[in-house]
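These are the residues of each chain, in order.
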Amino acid sequence: MKKRWTALLLALAMLSALAVGVLADEQSKEGPAAEETVQIAPDAEGTLRFENLSARMKTGYYTVMSLEENIAAIECIDYDKMYEDLRDGLNQIAEAQWMMLQIPGAGETYTYKSLQDQYDTLRKTFDDIKDGKLQQDNADLVRQLRDAENQLLMAGQTLYINLLGLEDQSAALTRQAAALDRTIEEVKLRYELGQVSAMTLQQTEAGKAQAESGRAKLDAGIEQLRRQLNAMIGEELTAPLTLHALPAVTAEQLSAMDVEKDLEKAKAVSYDLYAAKLTLDDADEEYKDKARDLGYNEDNYEYIAVKHRWQAAQYTYNAAVQSFELSFRSLYDSVQSYASALNAARVSLECERSDLAAAQLKYEQGTISENALHTAEDDLYTAQDTVSGTERDLFTAYNNYRWAVDCGLLAG
């Protein structure tokens, strides 16, 4: 009897470690190194290209890096080895249970019941691997984590674009302040000549003070966003950061857009639609099970209720698909709209260039004042800002369109 108990205790010690180890081992293995993401052209110190933003986020942004590690922890699982380990564990637990049953009353003990619980847990995982359920569940989880990562990368790109827009606004306010300085000098002269009141001069000076206050507030916001972007690429929060201009959207890229084909691609890779379909599948399965149990009895209120819930699930899924299609088509339309607006803005810019050239000639001939020349220069700057802003709008729309096509993500 003593030898039998000694053998049993050894078996229990081994199985206790096995029960924990089999379930946790595959999750705790160190996965292969994360896939290396190469920058298109390495950024100079203190600078950042849009094309390199995602690569730098993957190697510098802690949240993205955490997602990558969690994905790697799942993808490194060796299901064949895990299956064999579980088989061995089940056999060892069964052997230990058999040994315990040789002892009168041992089958009613806490230890025996604990072994049975461990066996049932391992058996479920074993069956899930055999049926491919665990593999599919993990694949779904990886897809969800990838979607979360893509949303973060997309948010980083949006921040980059917004920063460029704010920097352009700050530059425009700087030019506006310079124009106000000229206006103040002119109003002061007219005030000394008695042509305007002191109130007019004060209002003009107050306008400049407001412009400077607005620019200071804008610049503070820019610095805050720049710190956020630094955090996303793994730089010191207060490090200087100069952003390169955005890539241009080419005519070839625009002509390659095909709303119908691209929509089908986007729907196929959308995690939201995939998750919605899984929910619908669950509803279908629930309906089939309950309806079968209730004999498809149209006079049974329980059957009628479950049928309504099943129909509601179908409508919910159809609504999700329809909403996705509407948003995608709006993205496509916005790209086309901004492309047309950019062409018009460029025509206006050329007109302003011609007007400035004419103004420079008139100034050299002495037929207009220096302030009139500066006004023509300001009009050119305004036209350039319009082109720059429309280029940024077009790039934003096209970039969002590509996120939708390639990853199924729709900009919020």
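Placed above this text is the structure.
These figures come from a predicted structure and were not determined experimentally.

Side note on the overall build of the protein
Along its length, the protein carries 12 helices and two strands. Going from the N terminus to the C terminus, the protein shows its helices and strands as α-β-α-α-α-α-α-α-β-α-α-α-α-α. For 412 residues, the compact-globule formula gives about 22 Å, and the C-alpha radius of gyration of the protein, at 34 Å, lies well above that figure. Seen along its three principal axes, the alpha-carbon backbone of the protein occupies a region of about 120 × 60 × 45 Å. Counting across all 412 residues of the protein, residues that qualify as buried make up 34%. As displayed, the protein offers around 24400 Å² of accessible surface, 52% of which is attributable to carbon and sulfur atoms. Positive and negative charge centroids in the protein, built from 40 and 69 side chains respectively, lie 4 Å apart.

A word on the nonpolar core
Generally speaking, a soluble globular protein has its nonpolar side chains buried in company with each other. Core analysis: the biggest nonpolar cluster contains 60 residues, and Leu 48, Met 57, Tyr 160, Leu 229, Leu 243, Phe 328 and Tyr 401 have the highest contact counts within it. Residues Met 82, Leu 86, Leu 90 and Ile 129 belong to the second largest nonpolar core, which totals 17 residues.

Describing the side chain of Arg 226
Topologically, Arg 226 is positioned in helix H7 (residues 198–232). What makes Arg 226 buried here is its relative accessible area of 11%. Among residues more than four places away in sequence, those in contact with Arg 226 are Leu 163, Glu 167 and Leu 241.

Topic: the packing of aromatic side chains
Within the structure shown, the criterion is met by eight aromatic pairs. Look at Tyr 83 and Phe 126: their rings are 4.4 Å apart centre to centre, the planes differ by 15°, and that puts the pair in the stacked class. Separated by 43 residues along the polypeptide, Tyr 83 in helix H4 (residues 79–101) and Phe 126 in helix H5 (residues 110–131) bring together distant segments of the chain. On the basis of an interplanar angle of 5° and a centroid distance of 4.2 Å, the ring pair of Tyr 287 and Trp 310 is categorised as stacked.

A look at the pattern of salt bridges
A full pass over the atoms with the stated rule returns 27 salt bridges. Close ionic contact of Asp 137 with Lys 133 constitutes a salt bridge, the shortest N to O distance being 2.9 Å. Of this pair, Asp 137 and Lys 133 both sit in helix H6 (residues 133–192), four residues apart, which is roughly one turn of the helix. We classify Lys 133 as partly exposed; its relative accessible area is 42%. The partner of Lys 267 in a salt bridge is Glu 264, and the shortest N-O contact between them spans 3.8 Å. Of the two residues, Lys 267 and Glu 264 are both situated in helix H9 (residues 259–269); the distance of three residues between them amounts to about one turn of the helix. On the basis of relative accessible area, Glu 264 is assigned to the partly exposed category, the value being 47%. Through salt bridges that share partners, Asp 43, Arg 49, Arg 56 and Glu 235 make up one connected network.

About the criteria used
Residues numbered from 1 in each chain as written. Predicted model: local features only at pLDDT ≥ 70, side-chain atom pairs only at ≥ 80, totals over all residues. Heavy atoms only, no water. Helix = DSSP H or I, 4+ residues; strand = E, 2+ residues; numbered from the N terminus. Rg over C-alpha atoms; globule rule 2.2 N^0.38 Å. Buried < 20%, exposed > 50% of the residue type's maximum accessible area, 1.4 Å probe, protein only. Areas by Shrake-Rupley, 256 points an atom, 1.4 Å probe, with all protein chains shown as cover. Lys, Arg positive; Asp, Glu negative; His and termini not counted. Charge placed at Lys NZ, Arg CZ, Asp CG, Glu CD. Core = buried A, V, L, I, M, F, W, Y, C linked by side-chain atoms within 4.5 Å. Contact = heavy atoms within 4.5 Å. Phe/Tyr/Trp six-rings, centres within 6.5 Å; stacked < 30°, edge-to-face > 60°. Salt bridge = Lys/Arg side-chain N within 4 Å of Asp/Glu carboxyl O.

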